[in-house]
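# Survey of secondary and tertiary structure
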Amino acid sequence: MQGFNHRLLDTTLPIMPRTGRELRRLMDLASTRIPHFQQVLLSDPAAAVAVFRALEVTRPGSFEQVGDAAHAVSLLGVESFRRLIDALPEVRVGDRCQESAQARAYSEAAHAAYFAASLAQRSGLPRRDELSTAALLQHPAVLALAAFDGESVQRAIYAVRDGVPVDVAFGAELGEPLQQANRRCADAWALPSLARQAIGDWDDLNPRPQLVKLADEISQAAANGWQHAHIATLNTILADFLAIDVDEAAAWLHAQTAAAARHFGDCDYPLPGFELLLLPGDDDSDDDDIPELGAWRRRQAAVARPDLHATMGALMKRIRDEAGTTRVVFAMLSKDRSRLRTRLALGGDTADGIRRLDLGLDERNLFSALMGKPQSLWLNRDNAAKYRDYLPDSLDRAIGPGGAYMMSLFVGDRPLGLMYGDGSDLSEHGYRRFRELCSQSTSTLVAGSRVATPADS
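Residues numbered from 1 in each chain as written. Predicted model: local features only at pLDDT ≥ 70, side-chain atom pairs only at ≥ 80, totals over all residues. Heavy atoms only, no water.

### Examining the overall build of the protein
Under the convention used in this document: Helix numbering and strand numbering both begin at the N terminus, where a helix is a DSSP run of H or I of at least 4 residues and a strand a DSSP run of E of at least 2. Throughout, exposure labels follow a simple rule: accessible area from a 1.4 Å probe, protein chains only, divided by the maximum for the residue type, with under 20% read as buried, over 50% as exposed, and the rest as partly exposed. In what follows, residue pairs with any heavy atoms lying within 4.5 Å of each other are defined as contacts. Note on areas: these come from Shrake-Rupley sampling with a 1.4 Å probe, and a residue is covered only by the protein chains present in the view.
In terms of regular secondary structure, the protein is built from 21 helices and six strands. Across the 457 residues of the protein, 54% fall into the buried class. Summarising the internal contacts of the protein: among those between residues at least 6 apart in sequence, 65% fall at separations of at least 24. When the accessible surface of the protein is summed, it comes to about 20600 Å², and 49% of that surface belongs to carbon and sulfur atoms.

Rendered as structure tokens:
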């Protein structure tokens, strides 16, 4: 450890551009009341931190009695709140590393607040907004680090994804233990008492900080991937807290994460719900040929279809290992076959555009053109000009600079989606292997969709 990073305490956290727009819109409405600000503040930790820091200046010691951001706004006054919001910097759009680090850190905090509210509702604990606010503010040091050193946050994120504990990964980048850095920021910024209590040491029998810390751990686990080793332990802890069995706890957690994806859908955040394959609006319950994706229905034992999630996941790992790619994405058609959306992603950054793909098939672009029939393409330097008219700026930025392999996937004569892979080591051999692997997997799905019951065999 190198010692304290003194930049943490002096940092002013930039708010998300959407936060500023929405708060100004609310302040301009005659019908707006103080509680209306709460949902916006609970979706952006930078705004909540700014409110508590400002309140400490005008009313020192208020953090001991004020537990949620909307209450803090009521003490500041709306005009003071307006001046505060107008003076705050905003996250810089266009600086990909910085923007990505801040969006990831803010998303994790906002999800923790959401999970805290859900846990409070399920367990019957009162003062839900205080619990949500405390969960939102559990990692002020990470929020500060993301504001001035996005590369450090990205390194820590990659380390956590590789199995390094969160406190170790971020402690290495902060130069001091994560908990210690969080405490220093929480004290300096006058964050609410419950937030500080949950950051520090607390009585295991006190359900309020216990709920806050559990919400934070759920958010971390969701953000760091659902295959993370800690998930099983977390499900057990959650089951104990809610007094339900472990399977029910896992189902509850997945359902809440999907609901959070809908709740934060317009916040420009990476959403862990996408990794659960539960996109808002999708409903595969009556799809006879393709196995249901990301849902919890009990399948009949007589039907032995291959699982689509497992099949695509295995295919993507083989593409990465055998075709020379570093990022692999499976985009699937929506149920009405009108849109192409990312459903699984391997490699790269959680904020990469290719991982957040959502294209209409009526749009004129390369991906929609490929979905017209079973076909493949290796986009590279030699043929890029040929396809320029099919690459709008948003898609051009999402595709890797070294080109990409892509192939439309059909189950029989039904379009399923598109497989995409890119990297810096693409080759004729890799492209050939990419096509072979995609064809093998769709053949498996075709065979699985025709499996007969034991009575027919």
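### Description of the pattern of salt bridges
Spelled out, the test is: The rule for a salt bridge is simple: a side-chain nitrogen of Lys or Arg has to be within 4 Å of a carboxyl oxygen of Asp or Glu.
Scanning all chains against the criterion turns up 24 salt bridges. For the salt bridge of Arg82 with Glu79, the shortest nitrogen-to-oxygen distance reads 3.9 Å. Pair noted here: Arg82 and Glu79 are both in helix α6 (residues 78-87), with a separation of three residues, about one helical turn. Taking the relative accessible area as the measure of exposure, Glu79 reaches 47% and is therefore partly exposed. Overlapping salt bridges, with partners in common, bring together Arg318, Glu322, Arg433 and Glu436 in one network.

### A look at helix α4 (residues 45-58)
To keep things clear, this is the line we draw: The span you would expect from a helix comes to 1.5 Å times its residue count less one. Two N or O atoms form a polar contact when they lie within 3.5 Å of each other; inside protein one atom must be a possible hydrogen donor and the other a possible acceptor, and for residues adjacent in sequence the pair counts only when both atoms belong to side chains.
End to end, α4 covers 20 Å across 14 residues, agreeing with the expected 20 Å (1.5 Å per residue, within 8%). Burial runs high along α4: 10 of the 14 residues are buried. The set of residues buried in α4 consists of Pro45, Ala46, Ala47, Ala48, Val49, Ala50, Val51, Phe52, Ala54 and Leu55. The backbone nitrogen of Ala46 has a side-chain oxygen 3.0 Å away, supplied by the residue at the start of α4, namely Asp44.

### What about the packing of helix α8 (residues 128-136) against helix α14 (residues 207-223)?
How we decide: Every axis in this analysis is a line fitted to C-alpha atoms, fitted for helices over the stretch in contact. Angles between the N-to-C directions lie between 0 and 180 degrees. Angles are sorted into four bins: roughly parallel if under 35 degrees, roughly antiparallel if over 145, roughly perpendicular if 65 to 115, and oblique for all others. It is the rotation of the near helix from the far one that decides the hand of a crossing: anticlockwise by less than a right angle makes it left-handed, clockwise makes it right-handed. Amino acids outside the nonpolar list (Ala, Val, Leu, Ile, Met, Phe, Trp, Tyr, Cys, Pro) and the charged list (Asp, Glu, Lys, Arg) are all regarded as polar, and Gly is one of them.
One way to put it is that α8 packs onto α14 with a least axis distance of 9 Å and a crossing angle of 50°. As summarised for this structure, α8 and α14 are arranged oblique, according to the angle between their axes. Considering how the two elements wind past one another, α8 and α14 form a crossing that is right-handed. Of the residues in α14, those in contact with Glu130, Leu131, Ala134 and Ala135 of α8 are Arg208, Leu211, Val212 and Ala215. Of the residues belonging to the contact of α8 with α14, the class tally is six nonpolar, no polar and two charged.

### Some thoughts on the sheet that holds strand β6 (residues 414-422)
The condition that has to hold: DSSP-based pairing: two strands are paired if at least 2 bridges between them are found.
Strand order in the open sheet made by the six strands is β3-β2-β1-β6-β5-β4, with antiparallel pairing throughout. The two strands at the open ends of the sheet, each matched to only one other strand, are β3 (358-360) and β4 (376-379). When strand polarity is set aside, the average angle formed by the axes of neighbouring strands in this sheet is 20°. Here β4 runs beside strand β5 (residues 404-411); their pairing, made up of four bridges, is antiparallel. Note that in β5 the partner of Leu379 across the bridge is Ala404.

### Some points on the packing of aromatic side chains
Worth spelling out the cut-off: Stacked, tilted and edge-to-face are the three classes assigned to paired rings of Phe, Tyr and Trp, where Trp is represented by its six-membered ring and a pair needs centres within 6.5 Å; plane angles under 30 degrees give stacked, over 60 edge-to-face, the rest tilted. Sitting over a ring, as applied to charges here, requires NZ of Lys or CZ of Arg to be within 6 Å of the ring centre and within 35 degrees of the ring normal.
By the definition in use, this model includes nine aromatic pairs. Taking 6.0 Å as the distance between ring centres and 40° as the angle between the ring planes, the aromatic pair formed by Trp378 and Tyr431 counts as tilted. Here Trp378, found in strand β4, pairs with Tyr431, found in helix α21 (residues 428-449); they are 53 residues apart in sequence, far enough to count as distant. For the pair formed by Trp378 and Tyr431, the shared burial category is buried. An aromatic cluster of three or more residues is present, and its members are Tyr114, Phe115, Phe264 and Tyr269. One cation-aromatic arrangement involves Arg196 over Phe63; the distance from NZ or CZ to the ring centre is 3.8 Å. Between the NZ or CZ atom of Arg364 and the centre of the ring of Tyr390, over which it lies, the distance is 4.6 Å.

### Remarks on the confidence of the model for the protein
We apply this condition: Each residue carries a pLDDT value, the predictor's own confidence for that position, ranging from 0 to 100.
A residue-level look at the protein finds 85% of positions with pLDDT of 70 or above and a mean pLDDT of 84. In this model residues 277-305 is a low-confidence stretch, pLDDT under 50, and it forms 56 contacts with partners more than four residues away in sequence or in other chains. Between residues 449-457, whose pLDDT stays under 50, and residues either more than four places distant or in other chains, the model counts six contacts.

### Digging into the nonpolar core
Note the threshold: Nonpolar core, defined: a set of buried Ala, Val, Leu, Ile, Met, Phe, Trp, Tyr and Cys residues in which side-chain atoms within 4.5 Å join the residues together.
Phe81 and Leu119 are the most contacted members of the largest nonpolar core, which totals 98 residues. With 13 residues, the single largest contributor to this core is helix α7 (residues 96-123). If near-sequence neighbours (up to four positions away) are discounted, Leu119 is found in contact with Leu211, Leu214, Ala215, Ile218, Leu238, Phe241, Leu242 and Trp252. Of all hydrophobic cores here, the second largest spans 24 residues; its members include Met316, Ile319, Val328 and Tyr405.

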